[in-house]
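# Geometric and topological summary
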Amino acid sequence: QVQLVESGGGLVQAGGSLTLSCAASGGTYRTFISLGMGWFRQVPGKEREFVARISGGGSNINYADSVKGRFTISRDNAKKMVYLQMNTLKPEDTAVYYCAASSVFGLRAANYEAWGQGTQVTVSS
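Below: a short report on this structure. (Residues numbered from 1 in each chain as written. Predicted model: local features only at pLDDT ≥ 70, side-chain atom pairs only at ≥ 80, totals over all residues. Heavy atoms only, no water.)

### Re the overall build of the protein chain
Selection rule: Counting from the N terminus, the helices are DSSP H or I runs at least four residues long and the strands are E runs at least two residues long. For the radius of gyration, the atom set is restricted to C-alpha positions; the globular benchmark scales as 2.2 Å times the number of residues to the power 0.38. Categorising residues by exposure relies on relative accessible area from a 1.4 Å probe, with only protein chains included: less than 20% of the type maximum marks a residue as buried, more than 50% marks it as exposed, and the intermediate range marks it as partly exposed. For this analysis, residues touch if any pair of their heavy atoms sits within 4.5 Å. Where accessible areas are quoted, they stem from the Shrake-Rupley method and a 1.4 Å probe; at the residue level, only the protein chains shown are allowed to cover.
Of the regular secondary structure elements, the protein chain holds one helix and eleven strands. Starting at the N terminus and ending at the C terminus, the protein chain contains elements arranged as β-β-β-α-β-β-β-β-β-β-β-β. A compact globule built from 125 residues should have a C-alpha radius of gyration of about 14 Å, and the protein chain, at 13 Å, falls within 12% of that. Overall size of the protein chain, expressed as C-alpha extent along the three principal axes, is 45 × 30 × 25 Å. Looking at the 125 residues of the protein chain, the share that counts as buried comes to 44%. Taking the contacts inside the protein chain whose residues are at least 6 apart along the sequence as the reference set, 56% of them involve residues at least 24 apart. If you sum the accessible surface of the protein chain, you get close to 6200 Å²; carbon and sulfur atoms cover 50% of it.

Take a look at the structure:
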């Protein structure tokens, strides 16, 4: 079972940028590259929302419409890291952001077997 730890959240003004990182441990390199990785976010009282996902080799990438053109997901398999570059941030991007791993490369939170603890991103207007 892979373990995930997110970092890089914080407070930023609208229009600013942040980069979130997700470090994976507990598995081999071959395990990591077999996993699809995703970023989700959640605000209190709402369901966890899909943000972006990337396949094991990095060739397949998808974004939620709300972040397309502003966010970029990437991964470094040698380091077992996943990143979410967030530009032109808006107050509605405020949420706890979670990194997740999936063996089936799904879009729904239910498709993901491992989750990090989350990192808070707050965008002020």
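### A word on the nonpolar core
Formally: Put simply, buried Ala, Val, Leu, Ile, Met, Phe, Trp, Tyr and Cys residues joined by side-chain atoms within 4.5 Å make one nonpolar core.
L4, M37, W39, L84, M86 and Y97 are the most contacted members of the largest nonpolar core, which totals 33 residues. The element best represented in this core is strand β9 (residues 95-102), accounting for five residues. Among all residues touching L4, those that are not within four sequence positions of it are C22, A23, A24, M37, C99, A100, A101, A114, W115, G116 and Q117.

### Here we look at the packing of aromatic side chains
The following threshold applies: Note on aromatic pairs: the rings of Phe, Tyr and Trp (six-membered ring only in Trp) are paired at centre separations within 6.5 Å, and the planes decide the class, stacked below 30 degrees, edge-to-face beyond 60, tilted for the rest. Lysine NZ or arginine CZ positioned within 6 Å of the ring centre and within 35 degrees of the ring normal marks a charge as sitting over the ring.
Per the counting criterion, the structure on display carries five aromatic pairs. Geometrically, the ring pair formed by F40 and F50 is edge-to-face, given 5.8 Å between the ring centres and 75° between the ring planes. Of this pair, F40 sits in strand β4 (residues 36-42) while F50 sits in strand β5 (residues 49-54), and the two are ten residues apart along the sequence. Each of the two residues, F40 as well as F50, counts as buried. Sitting over the face of the ring of W115, R48 holds its NZ or CZ atom 4.7 Å from the ring centroid.

### Some points on the pattern of salt bridges
Stated precisely, the cut-off is as follows: Here, a salt bridge means any Lys or Arg side-chain nitrogen found within 4 Å of an Asp or Glu carboxyl oxygen.
Tallied over the full model, the rule gives four salt bridges. When salt bridges that share partners are traced, they join R41, E49, R70 and D93 into one network.

### Side note on the environment of E92
If you trace the backbone, E92 turns up in the loop between β8 (81-86) and β9. E92 sits 33 residues away from S125 along the chain, and the two C-alpha atoms are 9.6 Å apart.

### Side note on the side chain of S102
Our working rule: Pairs of N or O atoms are called polar contacts if they sit within 3.5 Å, as long as, within protein, a hydrogen donor faces a hydrogen acceptor (for residues adjacent in sequence, only side-chain-to-side-chain pairs).
Note on placement: S102 falls in strand β9. In this structure S102 comes out as buried when scored by relative accessible area, which is 0%. A polar contact of 3.0 Å, which involves the side chain of S102, links it to the backbone nitrogen of V104. Other than its neighbours up to four places away in sequence, S102 contacts L35, G36, N111, Y112 and E113.

### What to know about the pairing of β4
Quick note on the threshold: Strand pairing requires that DSSP identify at least two bridges connecting the strands.
For β4, the tally of buried residues reaches six of seven residues, placing the bulk of the element in the interior. Two elements, β4 and β9, share seven bridges in a ladder whose sense is antiparallel. Bridge assignment links F40 to a residue of β9, and that residue is Y98. Relative to β5, β4 is paired through five bridges, and the arrangement is antiparallel. Across the sheet, W39 pairs through a bridge with A52, a residue of β5. As consecutive antiparallel partners, β4 and β5 are separated by six residues, and within that stretch G45 has a phi angle of approximately 85°, a positive value.

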